[in-house]
Structure formats: structure tokens, C-alpha cells
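Coordinates in review
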2 protein chains.
Amino acid sequence: MTTTSQPSGDSVHTVVIGAGYAGLSTALSLADAGVEVLVLEGSERVGGRVHTGTLDGGVVVDHGGQWVGPTQHRLLSMAERFGCATFPTYDSGDHLELWADGICRPFRGAGPVGGPGVEQYIEATEAIDKLAAAINLDDPTATEQLAEWDGETVASYFDRTVPDEDARRRLALAVQGVWTVEPRDISLFHLLFYVASAGGFDQLMETQGCAQERRFTGGAQSVALAMAEHLGNRVRLNSAVRHIEHASDGVRIHTDEAVVHASHVVVATSPGAAVRLRFTPALPPSRNRWMERSPMGDVTKIHTVYETPFWRASGLSGQATVYGNHSVGVVFDNSPEDARAGVLVSFVYAERQQRWSARTAAERRADVLATLREIFGDEAANPVQYTEKSWPEDPWAHGGYAANPAPGVWVEHGAAGWRTPCGRVHWAGSETSSVWNGYIDGAIASGQRAAAEIIAGSAP
Amino acid sequence: MTTTSQPSGDSVHTVVIGAGYAGLSTALSLADAGVEVLVLEGSERVGGRVHTGTLDGGVVVDHGGQWVGPTQHRLLSMAERFGCATFPTYDSGDHLELWADGICRPFRGAGPVGGPGVEQYIEATEAIDKLAAAINLDDPTATEQLAEWDGETVASYFDRTVPDEDARRRLALAVQGVWTVEPRDISLFHLLFYVASAGGFDQLMETQGCAQERRFTGGAQSVALAMAEHLGNRVRLNSAVRHIEHASDGVRIHTDEAVVHASHVVVATSPGAAVRLRFTPALPPSRNRWMERSPMGDVTKIHTVYETPFWRASGLSGQATVYGNHSVGVVFDNSPEDARAGVLVSFVYAERQQRWSARTAAERRADVLATLREIFGDEAANPVQYTEKSWPEDPWAHGGYAANPAPGVWVEHGAAGWRTPCGRVHWAGSETSSVWNGYIDGAIASGQRAAAEIIAGSAP
């Protein structure tokens, strides 16, 4: 196989598969270093699991990843490089908790003081942080307690250590909200690794000073769009890769229309797409097992748009957590920076996402609006616009937010399977990051790491 | 889309994907009922995870599934229909247990009496049988304790209920031997379902009267070969399916060379292959999640061939269970019926399979032979032939014996995902069977059930 120094379209130094933040960051780092690169993206847009839409009246909403926090340096500096502005998440006034008894309990600040199960919940999150401090982030499988912690589900761990049922309800919603799976679906080890990669449990959960602190004025896809514009014809849309042939002297990447020869390939798709790629020869079993046993989470984001953010006038923040038997788990004020309209975003997660999404469109909408009415009153039940984005049904992501290794996967397949290159096949994607795993920031970190692998290891 | 009554090659009533026992049984039932059917098989042979080889000297060995037990009526009657003979598994003399102390403890009969952890092991298996009696086999998700049992790993369950470490070692090897995964990898619910589908824990574990009772004189693939011969040109080898388009009026099945139109399609591949198929439109999320979260197990079968079954003369059965820190977990006498040579089959499972298979061929062989020498003496270290079949590296099966739903998968995705047809797409494969799930008998049952769906539901 041959390579050239120009992206001629059928021969290039490095092919990157997927134009989400991981793939775009890989390409940007390679382009910055003068390495010729071609990004092949299956869909008709860049951004991957970050997808900004513009609704009637110019209301910008994020159907996918949307927030940025103060320790997410890679995303912040990428935004700075391309001049993409951010603004604070609306966080004033009372947050509400809705319980099965139908009572909405208000609270202010990072978390409730008092209320059902609060004490044990806080103790449990502190215990998680203590355990997470033992995680080796650069080589998670070198963590001393790996086998012990990867052998039990988070559900078993909570059952064992948290007696209060209401505290366990809080913890279950936290797991659903952060990992979009049920506590039974992931191992204690993966939860701890993920917490460690973010810098602590509060970083994942909270707004001020944490992962939900700010939003992008033009939507979170705006940075990706700017990166793609900078990369120019190095990004090719509507080019789904079907087959990857890899050998010691190069790779051949097959789309429906073309075969591209390259020296290296970086797989930067969602893990849900990566597991469906065909490789010749087959990948090592450890890598296959890692992908096969890291299924995507389940989440739908629902936006309801109103003339104004009417809840603000009542002293409400628009933030709500739902502990009853509802489909909606969490609500945020997602209004545009200029508040030209009021927007609530509702999240439906994990097992409830599967049940809710199997219902008719009218049933789904009525279900969400009934919950919003219960929390914010009658006005919430009459939005002027309503949108849903179901990530499990996205044909490129196959789920969201992220892929979560099942119990046993880190201990059995992590060492060789997590992100070790397979010959000339390299791995990017937020799931391969030691920092902010599962977040946009982690995706960027992963792309920069994959590009560094190629730059360091490339034949002259 | 149109269908014809003849398998013209590009239009047929039903396409079956995969010519393992499930696919062949589907096709046979349809052909018996006068329905035109075409089986598309990716590899160059039929049998799927059952694969018989003939070594030097005409020694027949089974690299995949091999045994048949007295309650496996479907496989037995299929063998009878096609005149395939069976013979008893060699089961005379002392079985051996090898522990980390290097001592081989002999025992006779179904299981040891006395010895490390035996009492609690037996209690635990009796407890499993009691719990398994509550499983609803026709609709597993209707089982009352579904959520409870699917929320914890088998490892957690044993940690919680079996204090004796040696008893837990015995249980771990039993799980590895039957499910080819670690106890941490599967939920208690799936283990109980599987036990129930076989008719009890002993049915899975034992030889006389149980799943390992008999072998096929011509190898376990002989029945599949006879079925395929009967089906004639309805079976097309070397025809890997890449893409399935399905609509309310028919399906289009794409291989690299052809497009076949049909009224229905039955996916009868290994789940590891099914998850990699491309569907347009995408399958419902519940089905995708079921497949994505049911990874294949890991097993390698190693055959060592000797001039004679020398262990028999020493009063040994050739059966051994290894509880030390060895790669080999279980050994059986796998000599041909006429004992023209002595054959031992060694199984390497689960986590140890991954580690062992990553080593060089010379290291793997030396490791296995060292264990066989420890058990059977010096003669065992000098086989005249040596073969390995690593199922995780099989490009069509992607693992073996079977796929195992991860914790949470039955409760979250079982009802809609397990085997419910998706429009004109039907599901076969041993993993979809209510009886002998994971076994050849279950594969045949699944094919007969899928064929019945099509016969019952077909438009005239």
C-alpha cells in the first residue's frame, strides 16, 4: 500500500472515521502538525453526539451534549481558539424535587438540606469520592481493587451500603442522570473510574463550578462546526465506512463509493458504531470484547418551548429532579442566553427511556407534559414548540451519552482492549479518555492523544 | 417486492441467515411444510458453532459443541431422522480434581463426596435449583423475581450466600464451564433461566443421564451435514449477508454478490454476528440493546491425541476439573468410539481464555501440556497431535459457547428484545430457546419455533 503527502481522496496519511469532537480533534491536531488527514463521516453533519438545532423564532437548542465546566480546559480552549462564546446556565431561584407523593419540595444551592434520604445520600457520595481516589487514571487496570470493584454492580453496592430506600432512589437517579443506565447495568469500578476522571462526584452532578456550569451561545455544536470549517475539504460527509482492511504496511478504508489508502486509521466513532465496523483481519479478541461489552446508554432529550421562561418570575430555577414513578428524570432551564423564549429540557433515561420510547408520539408528549405541569403548573403543559431527540434511535451514535463497560469488562479486557492501538488501527472517542470520560472534553483529549500516537509512531 | 414459490436465487419466500443448527432447522421445518427457503451462510461450511474435524489417522474430533443428553429430544430425533449414531461418553474409573496444592484428588460418580468446599457447593447448587423453579420459561420476563435477580451478578450472589472459599472456587469453575464467562459477567437471573431451560443444575454439569451423556460417532456436525445435504441447493455457502432492508411488504437481503428478495427473513446467526448486521430501517432499540448487551462467551477447545487412551489402563476416566491457577479448567476423554487413538479435550474458559490466547502458540501449548502432565503423568505431555479451536477468534461465531445477557438486560430489554419478531425479521438461534438454551437442542427448537411463526403468519 502506498501513501502520499496530499489528501488526494484515495490516498492520505491518516484516515479518521467519525466527525464528532474526537475525530475532529484528531484531525485538527494532525493538521496542526502538518500530517495529511481525511475525516470520513457517515452522516450529513459533524458533531456526533453533540447536535444543535434551531427552532422557530431562532431558538437554539442542544439535542445532545451541551454543557461545559471550568475544569474542561480542552473544550474551553477549543472554544476560545474558534471564538465560540459561552454563558452561565440559569441557576437562580428554587430548584424543585418531585416525589411519588406528588409534593414538590424546593431547595436552593448545590443540593437539598434535609428531605427524604438526603443524609445517607451525601454520605454515599462522599464514600464514592473516597473510593474513586484509588483509581489509576492513566492505567485503570493497574488499580489495586480492580477485580473486587468490577465484580459487583452499582446496584449491589448501594443495596449493601445504603440502607435508606429514599437515599438509594436519589443515588439511582444520579446514576441514570450521569450514565444513562440503571445502577444494575454498570460495575462499581466503572462508576468510580468515571467519577475519578471528572475529578469527583460533585463535578458530575452540579452546576456552579462543575460540569453543568455554562452553555454555548450558538449551541455546543458551534465549536465542532468551526473546527470542521477550519479543516475544510479534509472532512467528507455522507461517507459511511463499511470495511477496514489493515496490514503491517497500511490500511484500506472502504465506503460505499470509494476505497481510501492510508498509513494509519483512527476509529473515532461512537462505540455503538465501532462495534459494527467490519475489520479484515479481525481485531484481537480483547478489543472486540471491550467494544461488544460496552453498550451505549439510553437517553432522550425533550425540549418544550414557551413564550417566556415563566417559571423565573415565580422564583424557580427551572431545575427539577423527579423521584416518583415518572418518565422524566431531570429538568433544566435551557432558554437561550437572551431569553427570547422560555425553554425547558427534560431528560428521560435508561429503563424508563426504553419503555417511554416504545409508546406513541402522542402518549410520549402527554406523559412529559403531565410531569412538567405537576412541577411547574398548567402553563408548562402548553408549549408552543416540542422536540424529542432519542439517542438510542440515532443511526450513527446508537445511544447516548456514552458507552458503559458491563461488570467484569474492565478487569477482563481493559488492559488490552480499552485504547491500545491494534497495529495501524488507533482508537479515539470520549470513552478512551482518562479525563472527563464520556464528556466533550474527554472526546477532545482522546483525539489529541490518538494524534500524538500517530505523530510519535509514524514512519518518516 | 415480490416473492415466488421457487428459490430462483434472487426471490424466495423466506431467507434464513446462517447455517448452524438453528438456521438448518428453520429451513428444514419450512421445507417440510412446502415453504420455499434459501439459507445464506457466510462461511464455507454448515454447522455454526458445531464443527467436526478429522485429524491424522481418521481421528474425528469436535472443535465445538459435541454432546447430547437424554432430554435433548429434538437433537436426538434429528439424529434418528438422518441416521447419525451416538455412543456413550467414556465415564469409567476415577475422575480427578487438581487443586492449587498440586494434589490430584480422585473421585467416582457424579461428583466428589468430601473434599474442599464440597458440602457448601452442593448446598449452593440445590439452592440454585430451588430458585430456578420460579422461572417462567415461556416468558422469562414474567418471572416475579426478575428485577431482583437480574440486578446482581452471580459473583455477588455467591459472595453473599456461600462463605466457603473453596466452594466458591467450585462454583466459579461450574459457571466458567457452563457459560464460558466469569461469575461477575452474568446476572443471577440469566443463570437461573439457563438452569431452568436445561431442567436443573445437574443436567448442565453431569454426564450420565445429563447433557454430557453421549457423543456422535461421526462428530456432532454430522447431523448438520445430513440436514444440509437434504436441503440441497437451498443452502448457499460463502454468502455473507451485509445488509438487510425490511419493509411491510417484504425484505431485501444483500450479500457481496447478490440481492435476494423475500417475504420473510430469519436471522439464525450467532448473536455475535447478528449484532454486526446492518438493518435498514434500524431495528427497534429494544432488540438492538438485547443483542448489544448479550456478548459471546470465551472458550478454546484443545485436543491432544495419543497412540492410546493410556489413562484408562490406570483406572482413570480422563475427566478432570482444575481448581488451581491453571489455564485449563476441565478435561474430558474425547477418544473416538473405537478407541483407535486416545484423545483428551481440554477447555480454557473466560478470563483465562483471554490471557492464555494472547500468548504465543508455543507458550499456549507448553502451558496446556504442563497441566495435563500434572494430572495424567509424563505421557500426557507428549501427544502425537495437538489442535486448538479458539471460538472468540472465529470470524462467524465471534465466541462460544453462547451469548450471555449482562446484568440488567433481561429486565430492561428481554420482553421486547429476546425473540419477538421485528416486522418480517424473525430470530432463531439457541439463545432464543426456552429449552436447552445455549445448546444444540435449543438451536433446533429455536429454528422450529421461527419456522412456525412464518408458517402461521404468512400471507397466502
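In the nomenclature of an unreviewed UniProt entry, chain A is known as Flavin-containing monoamine oxidase AofH of Mycolicibacterium mageritense. Quoted verbatim from the Cofactor (unreviewed entry) field of the UniProt record, the comment on chain A reads "FAD". Turning to chain A, the UniProt annotation filed under Sequence similarities (unreviewed entry) states: "Belongs to the flavin monoamine oxidase family."

Let's talk about helix α9 (residues 221-231) of chain A
Residue and element names in this part refer to chain A. Counting buried residues along α9, eight of its eleven residues qualify, which places the element largely inside the surrounding structure. Within α9, burial applies to Gln 221, Ser 222, Val 223, Ala 224, Ala 226, Met 227, Ala 228 and Leu 231. Buried residues along α9 sit in contact with α1 (21-32), β3 (52-55), β4 (59-62), α2 (73-81), β9 (214-216) and β10 (235-236). Phi for Gly 232, located one or two positions after α9, is positive at around 60°.

Focus: the sheet that holds strand β5 (residues 67-68) of chain B
Residues and elements named next belong to chain B. Strand order in the open sheet made by the three strands is β5-β9-β6, with antiparallel pairing throughout. Two strands lie at the open edges of the sheet, namely β5 and β6 (86-88), each paired on one side alone. The sheet contact formed by β6 and strand β9 (residues 214-216) spans three bridges and is antiparallel. Each residue of the ladder has a partner; that of Phe 87, found in β9, is Arg 215.

Concerning the interface of chain B and chain A
Across the contact, 37 residues belong to chain B and 37 residues belong to chain A. Between chain B and chain A lies a buried interface of about 3,000 Å² when both sides are counted; carbon and sulfur atoms form 44% of it. When the buried surface of chain B facing chain A is broken down by residue, Arg 184, Arg 276 and Arg 289 of chain B rank first, second and third, together holding 21% of it. Applying the counting criterion to the chain B and chain A interface returns eight salt bridges. Between the two partners, chain B and chain A, sit 18 residue pairs in polar contact (both at pLDDT 80 or more). Elements represented by at least two residues in the side of chain B that touches chain A include exactly α4 (146-150), α5 (154-161), α11 (285-292), α13 (350-357) and α15 (409-417) of chain B. Looking at the side of chain B that touches chain A element by element, the count peaks at five residues for α11 of chain B. A breakdown of the residues in the side of chain B that touches chain A according to their chemical character gives ten nonpolar, eleven polar and 16 charged.

Notes on the sheet that holds strand β18 (residues 342-349) of chain A
Residues and elements named next belong to chain A. What the seven strands build is an open sheet, ordered β8-β7-β16-β17-β18-β15-β19; its pairing is mixed. The sheet terminates laterally at β8 (104-107) and β19 (385-390), the two strands that pair on one side only. The average angle at which neighbouring strand axes cross in this sheet is 20°, direction not considered. Pairing geometry for strand β15 (residues 299-306) and β18, over eight bridges, is antiparallel. Bridged to Lys 301 within β18 is Phe 347.

Remarks on the environment of Asp 202 of chain B
All names here are of chain B. Secondary-structure assignment places Asp 202 in helix α8 (residues 201-205). Classification of Asp 202 by relative accessible area gives partly exposed; the value is 39%. Considering only alpha carbons, one finds Asp 202 and Ala 110, 92 residues apart in sequence, at a separation of 8.8 Å.

Considerations on the UniProt feature "domain: Amine oxidase" (unreviewed entry) in chain A
The UniProt feature table records "domain: Amine oxidase" (unreviewed entry) at residues 22-455 of chain A. Annotated as 36% helix and 22% strand, the span residues 22-455 of chain A places its first and last C-alpha atoms 16 Å apart.

With respect to the pairing of strand β7 (residues 94-98) of chain A
Residues and elements named next belong to chain A. Counting buried residues in β7 gives four out of five residues, a clear majority hidden from the surface. In this sheet, strand β16 (residues 316-322) lies alongside β7 in parallel orientation, the contact comprising four bridges. When the sheet's bridge partners are listed, Glu 97 is paired in β16 with Thr 321. With four bridges connecting them, β7 and β8 associate as antiparallel partners. Looking across to β8, one finds that Leu 96 is bridged to Pro 106.

Some words on the packing of helix α3 (residues 118-132) of chain B against helix α7 (residues 188-198) of chain B
All names here are of chain B. At a minimum axis distance of 9 Å, the contact between α3 and α7 shows a crossing angle of 85°. Here α3 is positioned roughly perpendicular relative to α7, judged by the angle of their axes. Together, Ile 128, Asp 129, Leu 131 and Ala 132 of α3 and Leu 191, Leu 192, Val 195 and Ala 196 of α7 make up the contact between the two elements. In the contact of α3 with α7, the residues fall into seven nonpolar, no polar and one charged.

Some points on helix α1 (residues 21-32) of chain B
All names here are of chain B. Its twelve residues give α1 an end-to-end C-alpha distance of 16 Å, which sits within 8% of 16 Å, the value for a rise of 1.5 Å per residue. Of all twelve residues in α1, ten are buried; the element is thus mostly enclosed. Among the residues making up α1, those that are buried are Tyr 21, Ala 22, Gly 23, Leu 24, Ser 25, Thr 26, Ala 27, Leu 28, Leu 30 and Ala 31. One or two positions beyond α1, positive phi appears at Gly 34, with a value near 80°.

Considerations on a negative patch on the surface
Residue and element names in this part refer to chain A. On the surface, Glu 119, Glu 123, Glu 126, Asp 129 and Asp 202 cluster together into a patch of negative charge. Counting residues per element, the negative patch draws most heavily on helix α3 (residues 118-132), at four residues. Inspection of the secondary structure assignment puts Asp 129 in helix α3.

Description of the nonpolar core
Residues Trp 179 of chain A together with Trp 179 of chain B are the most contacted members of the largest nonpolar core, which totals 122 residues. Dropping the residues within four chain positions of it, Trp 179 of chain A is found in contact with Ala 174, Ile 186, His 190, Leu 191, Tyr 194, Val 195, Leu 204, Gly 297 and Asn 404 of chain A.

Considerations on the environment of Arg 242 of chain B
Counting through the fold element by element, Arg 242 of chain B comes out in strand β11 (residues 241-247). What makes Arg 242 of chain B partly exposed here is its relative accessible area of 27%. Aside from chain neighbours lying at most four places away, what touches Arg 242 of chain B is Arg 278 of chain A together with His 254, Thr 255, Asp 256 and Arg 278 of chain B. There is a polar contact of 3.1 Å between the side chain of Arg 242 of chain B and the side chain of Asp 256 of chain B.

Focus on the pattern of salt bridges
Going through the model one piece at a time under the given rule, you end up with 54 salt bridges over all chains. Salt-bridge contacts for Arg 169 of chain A lead to Asp 166 of chain A; the nearest nitrogen and oxygen are separated by 2.8 Å. With Arg 169 of chain A and Asp 166 of chain A both in helix α6 (residues 165-179), this residue pair falls three residues apart, about one helical turn. Classification of Asp 166 of chain A by relative accessible area gives partly exposed; the value is 23%. Residue Arg 340 of chain B pairs with Asp 338 of chain B through a salt bridge whose shortest N-O separation is 3.1 Å. Assessed through its relative accessible area of 47%, Asp 338 of chain B is described here as partly exposed. Connected through shared salt-bridge partners, Arg 184, Asp 185, Glu 351 and Arg 355 of chain A together with Arg 293 and Glu 412 of chain B make up one network.

Thoughts on the relation of the copies chain B and chain A
The transformation that overlays chain B on chain A combines an axial shift of 0.0 Å with a rotation of 180°, and the residual RMSD is 0.0 Å. Here the symmetry operator amounts to a two-fold rotation axis. For chain B, the minimum C-alpha distance to the rotation axis belongs to Arg 276 of chain B and amounts to 2.4 Å. When the interface residues of chain B are mapped onto chain A, 100% of them again lie at the interface, so the same face is used by both copies.

About the cut-offs
- Residues numbered from 1 in each chain as written.
- Chains lettered and ligands numbered in written order.
- Predicted model: local features only at pLDDT ≥ 70, side-chain atom pairs only at ≥ 80, totals over all residues.
- Heavy atoms only, no water.
- UniProt positions renumbered as here; feature names shortened; annotations may be inferred.
- Buried < 20%, exposed > 50% of the residue type's maximum accessible area, 1.4 Å probe, protein only.
- Helix = DSSP H or I, 4+ residues; strand = E, 2+ residues; numbered from the N terminus.
- Contact = heavy atoms within 4.5 Å.
- Pairing = 2+ DSSP bridges.
- Buried area = accessible area lost by both parts, 1.4 Å probe.
- Salt bridge = Lys/Arg side-chain N within 4 Å of Asp/Glu carboxyl O.
- Polar contact = N/O pair within 3.5 Å; in protein donor to acceptor, adjacent residues only side chain to side chain.
- Nonpolar A, V, L, I, M, F, W, Y, C, P; charged D, E, K, R; others polar.
- Axes fitted to C-alpha atoms, helices over the stretch in contact; angles between N-to-C directions.
- Parallel < 35°, antiparallel > 145°, perpendicular 65-115°, else oblique.
- Expected span 1.5 Å × (residues − 1).
- Patch = residues over 30% accessible without salt bridge, like charges linked within 9 Å, V, L, I, M, F, W, Y side chains within 5 Å.
- Areas by Shrake-Rupley, 256 points an atom, 1.4 Å probe, with all protein chains shown as cover.
- Lys, Arg positive; Asp, Glu negative; His and termini not counted.
- Charge placed at Lys NZ, Arg CZ, Asp CG, Glu CD.
- Core = buried A, V, L, I, M, F, W, Y, C linked by side-chain atoms within 4.5 Å.
- Least-squares fit on C-alpha atoms with pLDDT ≥ 70 in both.

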